[in-house]
Amino acid sequence: MENRKEMRKWLDDMNLGHPLVIAGPCSAETEEQVLKIAHELKDTDVNYFRSGIWKPRTRPGNFEGVGAIGLKWLQKVKEETGLKTATEVANKAHVDLALEHDIDLLWIGARSTVSPFIVQEIADALKGTDKIVLVKNPVNPDLSLWLGAVERLYSADIEKLGVIHRGFSTYEKTKYRNIPEWQLAIELQTKFPDLPIINDPSHITGKRDMIFDVSQTALDLNFDGLIIETHYDPDNAWSDAAQQVTPKTLIQIMKDLRIRKETDEEAEYNNKLSNLRAQIDVLDNQLIDLLGKRMKVSDGIGELKKQKNVAVLQSNRWNAILGNMILEGEQRGLSEEFVLRMFKAIHQESINHQEKIINA
Ligand code: PEP
Ligand code: MN
């Protein structure tokens with residue numbers, strides 16, 4: 001699959017003048033709940049009304065969605081409010097039912113994107129549809145798997161495509177429910193600049209008070225839209241209660257978000273920017289140069305250890321370096337998280353160099 005300008009035609013044709021907004025409850029619970037939320041989202045910036053009909057739950061025994069009856073409620077949403085509708089599909093039966101009920105936008109959930117069999121089944125069932133299909137990132141940070149799913153849809157002649165960045169699961173406990181790994185989304189944007197990318201701050205954060213900040217970061221990184229779970233009584237939602245916001249909060253969030261332009265024509269701005277970028281280029285070259293030199297020194301250590309048959313890894317020494325660098329970093333305004341990540345990467349490269357020498 002190659003980047004094609006036409007990938008974003010469906011979005012450009014909407015002529016929104018603001019990011020695409022998909023909002024609505026995590027799950028459809030009752031007809032009243034669905035319609036009440038939809039009416040509160042009518043005449044706002046919301047373009048699509050989302051609602052899970054079949055819910056993939058991590059463990060059985062939780063609410064697993066109302067099933068096909070909910071699609072009728074979504075049809076009512078469209079009739080009564082004019083909002084377009086969106087839901088998750090996870091197999092051929094879901095696709096057939098969703099198409100039968102004229103759902104406008106379908107998305108593939110994170111737990112489905114990991115399975116090429118399921119994605120292929122969905123792609124075959126959707127073949128040639130003119131509905132919009134968005135692919136959530138897989139639960140694990142694997143760009144190829146994510147793109148592979150998009151490719152399967154693309155090969156099934158689905159033209160209105162896009163992706164949803166909903167973060168990645170980790171064993172480590174972090175402040176996020178699913179860590180954003182922004183670099184991965186940036187890499188995808190670099191490879192496919194015209195593939196629409198929507199951010200899902202609800203599933204990234206898992207907490208409603210973090211939604212604004214993650215949404216702002218997404219807009220700062222040129223994301224094309226947001227999908228935000230919305231419920232009139234979040235605390236009593238049947239799924240994902242902690243992360244849903246009320247329609248009123250959503251409207252406020254949309255008002256407060258600063259929408260950035262991709263560029264500006266003004267000469268002074270462009271001059272200053274080029275100047276700063278030139279400085280960055282020089283510094284980046286110095287960084288690479290220094291790292292190369294550091295690895296040469298490391299090679300020397302490898303030679304020494306080889307002569308004495310000493311192990312590559314010395315934990316004490318490594319822990320001392322890390323501790324020092326965290327302190328040094330702090331004084332220069334570098335976060336501990338960044339220093340750790342960077343030095344772990346440098347250390348790994350160093351080990352690889354020494355391994356090569358010791359085993360030569
Ligand atoms: C959802 O959007 O409600 C959902 C189940 O999301 P994800 O597939 O990202 O977990
Ligand atoms: Mn949810």
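See the structure printed just above.
Rules and cut-offs
- Residues numbered from 1 in each chain as written.
- Chains lettered and ligands numbered in written order.
- Predicted model: local features only at pLDDT ≥ 70, side-chain atom pairs only at ≥ 80, totals over all residues.
- Heavy atoms only, no water.
- Near = heavy atom within 4 Å.
- Polar contact = N/O pair within 3.5 Å; in protein donor to acceptor, adjacent residues only side chain to side chain.
- Areas by Shrake-Rupley, 256 points an atom, 1.4 Å probe, with all protein chains shown as cover.
- Nonpolar A, V, L, I, M, F, W, Y, C, P; charged D, E, K, R; others polar.
- Salt bridge = Lys/Arg side-chain N within 4 Å of Asp/Glu carboxyl O.
- Helix = DSSP H or I, 4+ residues; strand = E, 2+ residues; numbered from the N terminus.
- Buried < 20%, exposed > 50% of the residue type's maximum accessible area, 1.4 Å probe, protein only.

With reference to specific residues and values, describe the site of ligand 1.
Surrounding ligand 1, one finds 13 residues, the nearest of these being Arg 50, Lys 55, Arg 111, Lys 136 and Arg 166. Between an oxygen atom of ligand 1 and a side-chain N or O atom of Arg 50, the distance comes to 2.8 Å. One of the side-chain N or O atoms of Arg 166 is found 2.6 Å from an oxygen atom in ligand 1. Summarising the interface, the protein chains cover 97% of the accessible area of ligand 1, which totals 290 Å² for the free molecule. When its residues are assigned to classes, the shell around ligand 1 shows four nonpolar, two polar and seven charged.

I'd like a description of the pattern of salt bridges, backed by residues and values.
The tally for this structure, following the rule as stated, stands at 23 salt bridges. As a salt-bridge pair, Lys 5 and Asp 194 come within 3.4 Å of each other at their nearest N and O atoms. Note that Lys 5 is positioned in the segment before helix 1 (9–12) and Asp 194 in the loop between helix 8 (182–191) and strand 7 (197–199), a separation of 189 residues in sequence. Between Asp 240 and Arg 177 there is a salt bridge, and its shortest N-O distance comes to 3.2 Å. Taken together, the residues span a long stretch of sequence, with Asp 240 in the loop between strand 8 (225–229) and helix 11 (247–256) and Arg 177 in the loop between strand 6 (161–165) and helix 8 at a distance of 63 residues. For Asp 240, a relative accessible area of 17% translates into the label buried. Overall, the relative accessible area of 37% leaves Arg 177 in the partly exposed class. Connected through salt bridges with shared partners, the residues Lys 78, Asp 102, Asp 104 and Lys 131 form a single ionic network.

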